[in-house]
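Analysis of the macromolecular model
Chain by chain, the residues:
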Amino acid sequence: HGERGLSAYTTWFACWTQLFFLLSGFVLAYAELAKPPKVGPGRPSIFRYIRRRLTIIYPAFFLSLLLKVTYAPGKNLFEWAMLPLHALLMQSWL
C-alpha cells in the first residue's frame, strides 16, 4: 500500500517540476524581452535572447552529458539513438 502511494506522488511531483521549468523559462524570456526597446544593434530580439541563453546552458549541458557517457557506462547504458534529441535539448519530451 505504501509503495503505490509513493509512486503516485512521484508522478505528480514530476509534472509540477516540468511546469516550474516551463514557467520560469517564460518569466525569464518575458522579463528580458519586455525591457524598453533600445536603438541600434543592442535592441532586444528573441533570437539574440535564445543565442545568449544557449551559450550559457549548452557548455554545462554537454559537459554533464560527456561525463555521463564516459564515467557511468556500467550503471546506466546511454541510448545513442537519443543523441540528436540531447543535442537539441529535447530528450525529456519523449
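Here we summarise the structure given alongside this text. Everything numeric in this text was worked out from a predicted model, so none of it was measured. (Residues numbered from 1 in each chain as written. Predicted model: local features only at pLDDT ≥ 70, side-chain atom pairs only at ≥ 80, totals over all residues. Heavy atoms only, no water.)

**Describing the overall build of the chain**
Helix and strand content of the chain: three helices and zero strands. Put simply, the chain runs from its N terminus to its C terminus through helices and strands in the order α-α-α. Across the 94 residues in the chain, those meeting the buried criterion constitute 11%. Taking all contacts inside the chain whose residues are at least 6 apart in sequence as the whole, residues at least 24 apart take part in 31%. When the accessible surface of the chain is totalled, it reaches about 8,300 Å², and 72% of it is carbon and sulfur. (Helix = DSSP H or I, 4+ residues; strand = E, 2+ residues; numbered from the N terminus. Buried < 20%, exposed > 50% of the residue type's maximum accessible area, 1.4 Å probe, protein only. Contact = heavy atoms within 4.5 Å. Areas by Shrake-Rupley, 256 points an atom, 1.4 Å probe, with all protein chains shown as cover.)

**Side note on the packing of aromatic side chains**
Per the counting criterion, the structure on display carries four aromatic pairs. Between Phe 20 and Phe 21 the ring centres are 5.4 Å apart and the planes differ by 70°, which places this aromatic pair in the edge-to-face class. For Phe 20, a relative accessible area of 53% corresponds to the exposed category. Residue classification places Phe 21 among the exposed residues on the basis of a relative accessible area of 55%. Aromatic pair Phe 61 and Phe 62: ring centres 5.6 Å apart, planes at 65°, arrangement edge-to-face. (Phe/Tyr/Trp six-rings, centres within 6.5 Å; stacked < 30°, edge-to-face > 60°.)

**A few points about helix H2 (residues 46-71)**
With 26 residues, H2 extends 37 Å from end C-alpha to end C-alpha; this agrees with the ideal 38 Å at 1.5 Å per step. At Ile 57, H2 shows its maximal kink, close to 30°; a proline, Pro 59, follows between one and four residues later. If you check which residues of H2 are buried, you get Tyr 49, Phe 61 and Leu 65. (Expected span 1.5 Å × (residues − 1). Bend = angle between axes of the 7 residues up to and from the residue.)

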